[in-house]
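Inside the fold
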Amino acid sequence: MRDEGRPRLDGWPLRAALAALSVAALVLAIGLAVSTGEMRIPLAAALGAICDRIFGTAFAPSRIQAGIVWDYRLSRALVAACCGATLALCGAILQALLRNPLAEPYVLGISAGASTGAVAVLIVGFGGDVLTLSGGAFLGAVAAVALVALLAAGAGGGTDRVILAGVAGSQLFNAVTSYIVTTSASAEQARGVMFWLLGSLGGVRWPDVYLAAPVALAGFAVAAFHARALDAFAFGSDAAAALGVPVGRVRAVLFGLTAAMAATMVSMVGSIGFVGLVVPHAARFLVGPGHARLLPASLVMGAIFMVLADVVSRILVPQQVLPIGVVTALVGAPAFAAILYRSRRLA
Amino acid sequence: MTIRLDAVRWSASGRVIVDGVTLDVAPGSTLGLVGPNGSGKSSLLRLVCRLRRVASGVVTLDGTDVAALPRLAVARRVALVEQQAGTEAQLNVRQVVALGRTPHLGALAPWTTADAEAVETALDQVGMAERRDQPWHTLSGGERQRVQIARALAQEPRELLLDEPTNHLDIRHQLEILGLVRRLPATVMVALHDLNLAAMFCDTLAVLQAGRIVAAGPPEAVLDEELIRSVFGVRARVGRSPHHGRPQVEYLVDV
Ligand SMILES: Nc1ncnc2c1ncn2[C@@H]1O[C@H](COP(=O)(O)OP(=O)(O)OP(=O)(O)O)[C@@H](O)[C@H]1O
Ligand SMILES: [Mg+2]
């Protein structure tokens, strides 16, 4: 009830209908993603192939098509969905905790930190056999969060400072990444590393799905558990504390969570910008600012956005796949400007 | 319902800001905190609801040390209206007031009709019921303040702490809000700058100067010309209102 800005339909039937509708939209987007590509596969055939694998039916017209759909495109679409969902969640959480509409993993340098960690493991062999790529990305992301928090606190801790600190952090981590690449990488490695900086879903396979999906769902569960606490941050951390929110613990848990979620995704697909920025704002526009609705809406819309961005990246230039970060930035940068403009007007 | 402070000290940036304050606020009564800018009124209120931890001394609520209470337990009984409140979030009036229910709802507990009623009652009490759907950002300064007060009322506190709740309000709403606060069953501590309002609406006054209490007691015992001169550096004459019988301060300035 309390989330309504203006009178709206309410109650569980509507919520159930909306949930069903958004899941249907996501399924449709994934259907589109698995049917587009160098070999066009009709939507019905693509869905049939997926059905075959799951339920043992025999709808798919050909083995080759079924193989392409299942082995390449579906895993890619699912990872895209998980990444989009996760990054959007991170954005929604960070915007609430830092009380800044521009906060998100990419802008705050968390993605850059994760890239640096991943590149360090990949090229320098940092961490020996113990540290996996995801582990390296996680350490990098945590370092970035710590650096941003430290810089922002040192600069007076205002909500604007955090963005400046994030800019400084991203520059630093990107410089370290470039340093590692130019000094230690072979030419071939260096070309591959571009992928960390712009994001790519190229090498994604089923094992990535088994990592990305649990992280996205568990992250959502933890975030949803803190929905009321996030609402209470609206007037600042003192106001949240006065409403009984254990501010220190909630911050630690949720910053840790965003670092872990962003790091997992970056270790798989590189750093993809602006999803975490654009999607929560769009979701807020549709469902209002209450986190009990904003978090699930961000989850689903982030997933749909990224799946569609991947489709666009594959069809925009014929015979060529653009890095997905290019597509999200083309949408995201103007949105960033619009949000900046609007928050200036409100202030 | 009893708020008691015993030799409370707090310092920040190496400066003592609250310096050995001892106070006793009787259940259901209203205590006015007055004092010049920077005398420590806001800091003291933050110590009472444990937004800051005392360096030494104790704050007790009904005999329980607040330092020993979990944050949630404090929030369930003490509500604070800060001197200023701002947000980037696009909330409307009702959503802001609904935040007051946060301590009474668990992480996953559903919003109930009792919660909705508490919100509506609070909106009515501050005269903002008709504005329930208006965006916070479009409210005037005084309307924002009334909404924050409604948020605190929706918290259904046993102890209510108000930091200059009237500083943006027109005269009618100043009188209404302070009258409302005084009638509430809660124990109230309110920081005020207007000595006449403080004298009219508070059962007791405590005068802070540089973090220390320099006078405390019923308004008629506390407010006198010598105190106003020494604490605020202002010449004044204190009389009695023939209408309500409370002290009335007249400032002696040449205009
Ligand atoms: N965290 C802090 N660090 C340093 N100084 C502080 C801090 N908090 C408060 N102070 C100082 O303590 C003094 C008391 O502040 P406080 O806000 O309690 O005053 P106040 O009585 O509420 O004043 P006003 O009437 O202006 O609201 C001020 O001089 C302020 O600068
Ligand atoms: Mg103050």
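Residues numbered from 1 in each chain as written. Chains lettered and ligands numbered in written order. Predicted model: local features only at pLDDT ≥ 70, side-chain atom pairs only at ≥ 80, totals over all residues. Heavy atoms only, no water.

As recorded by an unreviewed UniProt entry, chain B carries the name ABC transporter ATP-binding protein and is attributed to Lichenibacterium ramalinae. Looking at chain B in UniProt, the text filed under Sequence similarities (unreviewed entry) is "Belongs to the ABC transporter superfamily." (UniProt positions renumbered as here; feature names shortened; annotations may be inferred.)

Per an unreviewed UniProt entry, chain A goes by Iron ABC transporter permease and derives from Lichenibacterium ramalinae. Looking at the Subcellular location (unreviewed entry) heading of the UniProt record, one finds this comment for chain A: "Cell membrane". Taken directly from UniProt, the Sequence similarities (unreviewed entry) text for chain A runs: "Belongs to the binding-protein-dependent transport system permease family. FecCD subfamily."

1. Comments concerning the overall build of chain A
Helices and strands together make up the secondary structure of chain A, namely 14 helices and zero strands. In sequence order, the secondary structure elements of chain A are arranged as α-α-α-α-α-α-α-α-α-α-α-α-α-α. Relative to the globule expectation of 20 Å for 347 residues, the C-alpha radius of gyration of chain A, 20 Å, shows essentially globular dimensions. Dimensions of chain A, computed from C-alpha atoms along their principal axes, come out at roughly 65 × 60 × 35 Å. Looking at the 347 residues of chain A, the share that counts as buried comes to 52%. Within chain A, counting contacts between residues at least 6 apart in sequence, those at least 24 apart form 74% of the total. (Helix = DSSP H or I, 4+ residues; strand = E, 2+ residues; numbered from the N terminus. Rg over C-alpha atoms; globule rule 2.2 N^0.38 Å. Buried < 20%, exposed > 50% of the residue type's maximum accessible area, 1.4 Å probe, protein only. Contact = heavy atoms within 4.5 Å.)

2. Some points on a nonpolar patch on the surface
A surface patch of nonpolar side chains, amounting to about 430 Å² of accessible area, comprises Val124, Phe126, Phe138, Leu139 and Val142 of chain A. It is helix 5 (residues 133–154) of chain A that contributes the most residues to the nonpolar patch, three residues altogether. (Patch = residues over 30% accessible without salt bridge, like charges linked within 9 Å, V, L, I, M, F, W, Y side chains within 5 Å. Areas by Shrake-Rupley, 256 points an atom, 1.4 Å probe, with all protein chains shown as cover. Salt bridge = Lys/Arg side-chain N within 4 Å of Asp/Glu carboxyl O.)

3. Re the confidence of the model for chain B
Predicted coordinates in regions of low pLDDT should not be interpreted in detail. Mean pLDDT over chain B: 93, with 100% of residues reaching 70 or higher. Scored as a complex, the prediction yields pTM 0.88 and ipTM 0.90. (pLDDT = per-residue confidence, 0-100.)

4. Section: the nonpolar core
Core analysis: the largest hydrophobic core is formed by 180 residues, its most contacted members being Leu33 and Met189 of chain B. Beyond its immediate stretch of four places on either side in the chain, Leu33 of chain B contacts Leu23, Lys41, Leu44, Leu45, Met189, Val190, Ala191, Leu192, Ala206 and Leu208 of chain B. Ranked by size, the runner-up nonpolar core spans seven residues in total, among them Ala120, Val181, Ala185 and Val193 of chain A. (Core = buried A, V, L, I, M, F, W, Y, C linked by side-chain atoms within 4.5 Å.)

5. Thoughts on the pattern of salt bridges
Opposite charge on two side chains lets them pair, provided their charged atoms get close. Residue and element names in this part refer to chain B. For the structure on display, the rule yields 18 salt bridges over all chains. Where Asp24 meets Arg4, a salt bridge forms, and the shortest distance between an N and an O atom there is 3.1 Å. On the criterion of sequence distance, the pair formed by Asp24 in strand 2 (residues 15–25) and Arg4 in strand 1 (residues 3–12) is long-range, its members being 20 residues apart. Here Asp24 falls in the partly exposed class, since its relative accessible area comes to 46%. Across the pair Arg172 and Glu176 runs a salt bridge, and its minimum N-O distance is 2.8 Å.

6. Remarks on the sheet that holds strand 5 (residues 64–65) of chain B
Read across the sheet, four strands follow the order 2-1-4-5 (chain B) without closing on themselves; strand pairing throughout is antiparallel. At either end of the open sheet lies a strand with only one pairing partner, and these are strand 2 and strand 5 of chain B. (Pairing = 2+ DSSP bridges.)

7. Considering the site of ligand 1
Residue and element names in this part refer to chain B. Not every one of the 16 residues close to ligand 1 is listed here, only the nearest: Gly38, Lys41, Ser42, Ser43 and Gln83. Contact between ligand 1 and Lys41: an oxygen atom at 2.7 Å from a side-chain N or O atom of the residue. At 3.1 Å from an oxygen atom of ligand 1 is found a side-chain nitrogen or oxygen belonging to His193. Of all elements in the fold, only strand 1, strand 2 and helix 1 (41–48) reach the threshold of two or more residues within the shell around ligand 1. Considering each element in turn, the shell around ligand 1 owes the most residues, three residues, to helix 1. Taken together, the residues of the shell around ligand 1 sort by class into four nonpolar, nine polar and three charged. (Near = heavy atom within 4 Å. Polar contact = N/O pair within 3.5 Å; in protein donor to acceptor, adjacent residues only side chain to side chain. Nonpolar A, V, L, I, M, F, W, Y, C, P; charged D, E, K, R; others polar.)

8. Structural notes on helix 6 (residues 161–184) of chain A
Between its terminal C-alpha atoms helix 6 of chain A stretches 34 Å, which fits the 34 Å expected from 24 residues at 1.5 Å a residue. All of the buried residues along helix 6 of chain A are Val162, Ile163, Ala165, Gly166, Gly169, Ser170, Phe173, Thr177, Ile180 and Val181 of chain A. (Expected span 1.5 Å × (residues − 1).)

9. Looking at empty space enclosed by the protein
Under the counting rule described, the total for this entry stands at one cavity of 30 Å³ or more. In this model, the largest cavity occupies a volume close to 60 Å³. In terms of lining, the largest cavity is formed by Ala241 and Ala242 of chain A together with Cys49, Arg50, Leu51, Arg71, Val74, Ala75, Val78 and Leu80 of chain B. Of all elements in the fold, only helix 10 (237–242) of chain A together with helix 2 (71–77) and strand 6 (78–81) of chain B reach the threshold of two or more residues within the lining of the largest cavity. (1 Å grid on protein atoms, 1.4 Å probe; cavity = no way out; pocket = protein on both sides within 12 Å on 5 of 7 lines; lining within 4 Å. Points joined across faces, edges and corners; volume = space filled by probe spheres on them.)

10. Focus: the UniProt feature "domain: ABC transporter" (unreviewed entry) in chain B
UniProt records the feature "domain: ABC transporter" (unreviewed entry) at residues 3–235 of chain B, using the numbering of this structure. Summarising residues 3–235 of chain B: 34% helix, 26% strand, and an end-to-end C-alpha distance of 33 Å.

11. Considering the packing of helix 3 (residues 63–98) of chain A against helix 13 (residues 291–315) of chain A
Residues and elements named next belong to chain A. Relative to each other, helix 3 and helix 13 sit at 135°, their axes nearing to 7 Å. Looking at the two axes, helix 3 sits oblique to helix 13. In this structure, helix 3 crosses over helix 13, and the sense of that crossing is right-handed. Residues of the contact of helix 3 with helix 13, tallied by class, amount to 16 nonpolar, four polar and four charged. (Axes fitted to C-alpha atoms, helices over the stretch in contact; angles between N-to-C directions. Parallel < 35°, antiparallel > 145°, perpendicular 65-115°, else oblique. Left-handed = near helix turned anticlockwise from the far one by under 90°.)

12. Points about the interface of chain A and chain B
Across the boundary between the two partners, chain A contributes 24 residues, which contact 37 residues of chain B. The junction of chain A with chain B conceals about 2,600 Å² of combined surface from both sides, 60% of it contributed by carbon and sulfur atoms. Taken together, the connections running from chain A to chain B amount to one salt bridge. A salt bridge links Asp238 of chain A to Arg52 of chain B, with the shortest nitrogen-to-oxygen separation between them at 2.8 Å. Where chain A meets chain B, there are six residue pairs in polar contact (both at pLDDT 80 or more). At the level of elements, helix 9 (227–232), helix 10 and helix 14 (324–346) of chain A are the ones that each hand at least two residues to the side of chain A that touches chain B. Class assignment of the residues belonging to the side of chain A that touches chain B gives a composition of 13 nonpolar, three polar and eight charged. (Buried area = accessible area lost by both parts, 1.4 Å probe.)

13. Notes on the packing of aromatic side chains
Throughout the structure, instances matching the rule amount to four aromatic pairs over all chains. Between Phe235 of chain A and Trp136 of chain B, the aromatic rings sit 5.0 Å apart at their centres with planes inclined by 85°, giving edge-to-face as the arrangement. One end of the pair, Phe235 of chain A, is in the loop between helix 9 and helix 10; the other, Trp136 of chain B, is in the loop between helix 4 (113–125) and helix 5 (141–154), on a second chain. In terms of burial, Phe235 of chain A and Trp136 of chain B fall into one category: buried. Following the ring pairs from residue to residue traces out a cluster consisting of Trp70, Trp206 and Tyr210 of chain A. (Phe/Tyr/Trp six-rings, centres within 6.5 Å; stacked < 30°, edge-to-face > 60°.)

14. Quick word on the coordination of the magnesium ion (ligand 2)
Residues and elements named next belong to chain B. Protein-derived ligands of the magnesium ion (ligand 2) are Ser42 (OG) and Gln83 (OE1), with the metal-ligand distances lying across 1.9 to 2.3 Å. Of the two residues, Ser42 is situated in helix 1 and Gln83 in the loop between strand 6 and helix 3 (93–98); the sequence distance between them amounts to 41 residues. Overall, the relative accessible area of 15% leaves Ser42 in the buried class. (Donors = N, O, S within 2.8 Å, 3.2 Å for Na, K, Ca; no water.)

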